[in-house]
Amino acid sequence: MAFMSWRGAQTHLDRMLGLAHLGGVGIITRDRDSGEVRVGKDGEPTVQDAVSERDRSHMRQGIAGAARILEAAGATSMFTGHQAGITWNRDSGEPVERFLTRADAAGYDPGRCAMAALHIMGTARMGGSPETSATDPDGATWEVGKPRSGRRLIVPCVVGVNPMVSVEAMGVMNARRLAARL
């Protein structure tokens, strides 16, 4: 329900009362493209992250696949995480393709379609050079050196699956290396 757009008190109440009959489908995409964090004029970090055309297309494919599966499974209604409140009802006779066209028109960018990280994913790429990564293999930032990135931030790439145990193992490894150096 965290992805449900606000459509008014009555719609919210109706969905909450029918919660036992709702099923959710999480669309998990392996994003490829990235944004950046800059220091703003006020000295605070600002995130500039736009969804690329490739990543937007993958999200759209996931929503389309989920909608077709739900329709085939007999769903009587469905809604997306779009802030525009995109809904579909079997009784309306609207083809699912029209529902998807309306979702496309609403857009797949932040603020238009709800998005979240469903599993711990790295954001500071680990690698062998400052040209291709934010940290060295020990988790030290290239620019500063000694400070270490948090254990949940550093992985070699976006893995596309729940990497929690791997990320935690790398955190333990980097902590032991740091402790040995100190």
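Above this note sits the structure.
What you are looking at is a predicted structure, and each value in this text was computed from that prediction instead of being measured.

### A few points about the pattern of salt bridges
- As enumerated under the stated definition, the model contains six salt bridges in all.
- Between E53 and R56 there is a salt bridge, and its shortest N-O distance comes to 3.4 Å. In this pair, E53 and R56 are both assigned in helix 2 (residues 53-72), three residues apart and thus about one turn of the helix distant.
- A relative accessible area of 55% places E53 in the exposed class.
- When the shortest N-O distance is used, the salt bridge between R56 and D109 registers 2.5 Å. One end of the pair, R56, is in helix 2; the other, D109, is in the loop between helix 3 (96-106) and strand 5 (124-125), and 53 residues separate them in sequence.

### Considering the side chain of S5
- Within the secondary structure, S5 sits in the segment before helix 1 (9-17).
- Within polar-contact distance, the side chain of S5 engages the backbone oxygen of H82 at 3.2 Å.
- When neighbours within four sequence positions are excluded, S5 is seen to be in contact with H82, Q83 and G85.

### Focus on the nonpolar core
- Grouped together as the largest cluster of nonpolar side chains are 14 residues, with contacts concentrated most on I63, A67, M78, V96, F99, L100 and Y108.
- When residues of this core are traced back to their parent elements, those giving at least two are helix 2 and helix 3.
- Setting aside residues no more than four positions away along its own chain, L100 makes contact with R60, I63, A64, A67, R68 and Y108.

### Re the environment of G128
- Following the sequence through the fold, G128 ends up in the loop between strand 5 and strand 6 (154-155).
- Residue class for G128 comes out exposed when judged on its relative accessible area of 68%.
- Residues G128 and W142, spaced 14 residues apart in sequence, show a C-alpha to C-alpha distance of 9.9 Å.
- Ignoring anything within four residues of it in the chain, the contact list for G128 reads S133 and W142.

About the cut-offs
Counting restarts for each chain: residues are numbered from 1 in the order of the written sequence. Only residues with pLDDT of at least 70 get local features here, since the model is predicted, and only at 80 or more are side-chain atom pairs given and counted; chain-wide, interface and lining totals rely on the full set of residues. Side-chain metrics in this entry use all non-hydrogen atoms of the structure; hydrogen atoms and water are not considered. Salt bridges, as used here, are contacts in which a Lys or Arg side-chain nitrogen is within 4 Å of a carboxyl oxygen on Asp or Glu. Starting at the N terminus, helices and strands are each numbered in turn, a helix being any DSSP run of H or I of at least four residues and a strand any DSSP run of E of at least two. Buried, partly exposed and exposed residues are distinguished by accessible area as a fraction of the type maximum, computed with a 1.4 Å probe on protein chains only: under 20%, between the cut-offs, and over 50%, respectively. Any N or O atom pair separated by 3.5 Å or less is treated as a polar contact, with the protein-specific requirement of one donor-capable and one acceptor-capable atom, and with residues adjacent in sequence counted only for side-chain atom pairs. By definition in these notes, contact holds between two residues if any of their heavy atoms fall within 4.5 Å. Nonpolar core, defined: a set of buried Ala, Val, Leu, Ile, Met, Phe, Trp, Tyr and Cys residues in which side-chain atoms within 4.5 Å join the residues together.

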